[in-house]
Amino acid sequence: MKKNRNSEKMMKVCLSLTSLILLLFLGACREHTGHDGVTDRIKAAETKPSDQIQIDSVPLPPAKSIRAQMSYQGGLFWVEARKEKIGRFQCSQCHGNQLARIDQAVELAHGDIVNRHGAENKRLACKTCHDDQDRNFLTSAAGEKIDFDHGYQLCGQCHFRQKQDWIGGAHGKRIGYWAGKRTLLNCTACHNPHAPKFAKRWPTTFSPPLNQ
Amino acid sequence: MMSCRKSCNPEKQTESKRSTESACSRRSFLKTAVAGTGLLAGGCGSGMSGTAEKMHLNWQEYFKGNYRLMTPTEKEATVSRLERLAKIKYKLDVQISTREPVQQVLFGYAFNISRCEGYMDCVAACVKENNLDRKSQTQYVRIFELEHGRMDIASGNGKYFHEVPVADHFYMGVQCFHCESAPCIKACPTKATWREPDGIVVVDYDWCIGCRYCMAACPYWGRRFNWHDPDVPLGELTRKQHYLGNRLRRRGVMEKCTFCIQRTREGRLPACADACPTGSRVFGNLLDPDSEIRYVLKHKKVFRMKEELGTDPKFWYFSD
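Residues numbered from 1 in each chain as written. Chains lettered and ligands numbered in written order. Predicted model: local features only at pLDDT ≥ 70, side-chain atom pairs only at ≥ 80, totals over all residues. Heavy atoms only, no water.

1. Section: the overall build of chain A
When helices and strands are tallied, chain A shows seven helices and seven strands. Along chain A, from the amino end to the carboxyl end, the secondary structure elements read α-α-β-β-α-β-β-α-β-β-α-α-β-α. By residue count, 27% of the 212 residues in chain A fall in the buried class. In chain A, the proportion of contacts linking residues at least 24 apart, taken out of those at least 6 apart, comes to 48%. In the form shown here, chain A has an accessible surface area of approximately 15,400 Å², with 57% of it arising from carbon and sulfur atoms. (Helix = DSSP H or I, 4+ residues; strand = E, 2+ residues; numbered from the N terminus. Buried < 20%, exposed > 50% of the residue type's maximum accessible area, 1.4 Å probe, protein only. Contact = heavy atoms within 4.5 Å. Areas by Shrake-Rupley, 256 points an atom, 1.4 Å probe, with all protein chains shown as cover.)

2. Brief notes about a nonpolar patch on the surface
All names here are of chain A. A cluster of nonpolar side chains, namely Val13, Leu17 and Leu20, defines an oily patch on the protein surface of about 270 Å² accessible area. Tracing the sequence through the fold places Val13 in helix H1 (residues 2-33). Using a relative accessible area of 44% as the deciding quantity, one classes Val13 as partly exposed. (Patch = residues over 30% accessible without salt bridge, like charges linked within 9 Å, V, L, I, M, F, W, Y side chains within 5 Å. Salt bridge = Lys/Arg side-chain N within 4 Å of Asp/Glu carboxyl O.)

3. Considering the side chain of B:Gln241
Along the chain, B:Gln241 falls in strand S8 (residues 240-242). Apart from the residues lying within four places of it in its own chain, the contact partners of B:Gln241 are B:Val94, B:Gln95, B:Ile96, B:Ser97, B:Asn131, B:Asn246, B:Arg247, B:Leu248 and B:Gln262.

4. Re the interface of chain B and chain A
With 64 residues of chain B at the contact, the number on the chain A side is 52 residues. At the boundary of chain B with chain A, total buried surface from both sides reaches about 5,000 Å², with 54% on carbon and sulfur atoms. Between chain B and chain A we count five salt bridges in total. The closest approach of N and O atoms between B:Asp121 and A:Arg201, which form a salt bridge, is 3.2 Å. Taken together, chain B and chain A are joined by 26 residue pairs in polar contact (both at pLDDT 80 or more). Looking at the side of chain B that touches chain A, the elements with two or more residues in it are strand S2 (107-112), helix H5 (121-129), helix H9 (271-275), strand S10 (281-285), helix H10 (292-299) and strand S12 (315-319) of chain B. (Buried area = accessible area lost by both parts, 1.4 Å probe. Polar contact = N/O pair within 3.5 Å; in protein donor to acceptor, adjacent residues only side chain to side chain.)

5. Quick look at the confidence of the model for chain B
Residues and elements named next belong to chain B. Residue-level pLDDT values for chain B average 87, and 85% of them are 70 or greater. Here residues 1-24 scores under 50 on pLDDT; set against residues more than four positions off or in separate chains, the count is twelve contacts. In the model, residues 36-46 has pLDDT below 50 throughout and makes four contacts with residues more than four positions away in sequence or in other chains. (pLDDT = per-residue confidence, 0-100.)

6. Here we look at H5(B)
Residue and element names in this part refer to chain B. Along H5, the residues that are buried comprise Asp121, Cys122, Val123, Cys126, Val127 and Glu129. Contacts made by the buried residues of H5 are with strand S3 (142-147), helix H8 (261-264), H9 and S10. Of the residues flanking the end of H5, it is Asn131, one or two places downstream, whose phi is positive at about 50 degrees.

7. Concerning the sheet that holds strand S7 (residues 183-184) of chain A
A sheet is described by the order of its strands in space; here three strands give the open sequence S1-S2-S7 (chain A), paired in mixed fashion. Only two strands of the sheet have a single neighbouring strand rather than two, namely strand S1 (65-72) and S7 of chain A. (Pairing = 2+ DSSP bridges.)

8. A few points about unusual backbone geometry
A:Gln90 follows A:Phe89 through a cis peptide bond whose omega is 5 degrees. Here A:Gln90 is to be found in the loop between strand S2 (75-80) and helix H3 (105-110). Here B:Val164 and B:Pro165 are connected by a cis peptide whose omega angle stands at -5 degrees. With respect to the helices and strands, B:Pro165 occurs in the loop between S3 and strand S4 (169-174). We note that B:Lys91 has phi near 55 degrees; this positive angle belongs to a residue other than glycine. Among the structural elements, B:Lys91 can be located in the loop between helix H4 (72-90) and strand S1 (95-97). Despite not being glycine, B:His178 has its phi angle at roughly 50 degrees, a positive value. Here B:His178 lies in the loop between S4 and helix H6 (183-187).

9. Topic: the nonpolar core
Judged by nonpolar contacts, the single largest core of 73 residues is most densely connected at A:Trp178, B:Ile143, B:Met172, B:Phe177, B:Tyr243, B:Met305 and B:Tyr317. Apart from residues lying up to four places away in sequence, B:Phe177 is in contact with B:Tyr220, B:Met305, B:Pro313, B:Lys314, B:Phe315 and B:Tyr317. If you look at the next biggest cluster of nonpolar residues, it comprises 14 residues, including B:Leu287, B:Tyr295, B:Val296 and B:Trp316. (Core = buried A, V, L, I, M, F, W, Y, C linked by side-chain atoms within 4.5 Å.)

10. Observations concerning the environment of A:Lys197
All names here are of chain A. Relative to the assigned elements, Lys197 resides in the segment after helix H7 (187-190). Residue Lys197 is classed as exposed on the basis of its relative accessible area, which comes to 75%. The spatial distance from the C-alpha of Lys197 to the C-alpha of Arg116 is 8.3 Å, given a sequence separation of 81 residues.

11. What to know about the pairing of S2(B)
All names here are of chain B. Counting buried positions along S2 yields six of six residues, so the element is predominantly enclosed. Of the two faces of S2, the one holding Phe107, Tyr109 and Phe111 and the one holding Gly108, Ala110 and Asn112 are both buried throughout. Bridge count for S2 against S10 is five bridges, and the pairing is antiparallel. Bridging from a neighbouring strand, Phe107 pairs with Asn285 of S10. For S2 and S12, the ladder comprises four bridges, and the chain directions are parallel. Within the sheet, the bridge partner assigned to Tyr109 lies in S12 and is Phe315.

12. Quick notes on the side chain of B:Lys300
Its location among the elements puts B:Lys300 in the loop between H10 and strand S11 (301-303). The exposure class assigned to B:Lys300 is buried, which follows from its relative accessible area of 15%. Only 2.7 Å separates the side chain of B:Lys300 from the side chain of A:Asp165, close enough to count as a polar contact.

Laid out in structure tokens, this is it:
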């Protein structure tokens, strides 16, 4: 009996010791992974910072931007206006009601345009994007007019994944500021709409060997 | 954190004051001696000449404290001294800011490895923005060219110079990852490097003794050592500076990427993200669930470099 009791006691002591060690170990682990590590801090930040972050040096959206016709997870956003960057806007200056019939007009006016949009042997036609009737506008697949400033609406018809990422923030760029009113570059700021793939080129600079 | 800093600082300062008062005889003697020689060199009465003023300012600079223990007035004083010294040395008007972190902001960065084309515009922009030494070709950002399917950075080519992008290769940018649990901070014997409340790991260039322990501790090769006095073409010098950021570093101290603290604390994007022509670089506030960086973390497959080390970097890689 006594022996039994003793062994029971021993067992109890052993158990409590192991549990203590286990607890200590777990605690150490917890400390090591850091419960205020980045991931936990991010998970804890579920709501927008209560007092909207105000930085005095951040301007309102730049004057040459326009409110997007959609919203992102944080509400309204702005896009860079494109019309004034188009060299010969308005297009109706030449493309009026009457058909332009001038020799070599295409080469003279739009000779710089190389159509490399679409598969190699199936390039897009001009009319796919440009409004045939009103040249000051683009046209959607459904035949609706699209403003040149809202070109993303047009591109997004096919490139809907990119558009989704662009709206959310994984594709494209903000202009200048991470804070303040969200203002994005339009698709055509980076991609030439007539040849959207980025060209091969030499890097701007180079890195010297690390062991120098 | 903040409350501790507020409550701790005055205590420490009074402490240090007491210690300086008691053991200051040598210092004050030297100070008066130097001031005396300065006056002699500058001639009597008519104020100090350039060299004497420089000596005087350098002398005061030598005895300033760690940035974290400075009072606002002390910060103001050192900034005005540094600006004056830059004026004397380079004949340039620089503005050195001590802008505090914005509340409820934790900076994070994401890099799109399927978009980067290896143009290295970011590297060039960083060199210019941060007044990096041109002589030693110091760069904070390095782009590695890796074969498709390879994930080990060691197999990458970090010194490529040919037309990019190369077929069947992708590009991966590396810089300081501003780890939450940064080994460099733990390694520093003088507490010259620390993590700011907005997550930026900074260096007090005037408190660093240049032992390079942090450089050895960093598993990402994120830190750089100044082998030379800064060699920056004066026309290209970025004059808008921050005390913990892109002001000119002396020879013999450590420096590194600061997420362009002089820009980001003003709400601007870092120079690399601003310069990127492909939009591979996403920067923002991790504590704002609507921010772009949070969108990337939520919707994309992300990973961090050497995550198993437990350094907890605030720099993610993602692909479309």
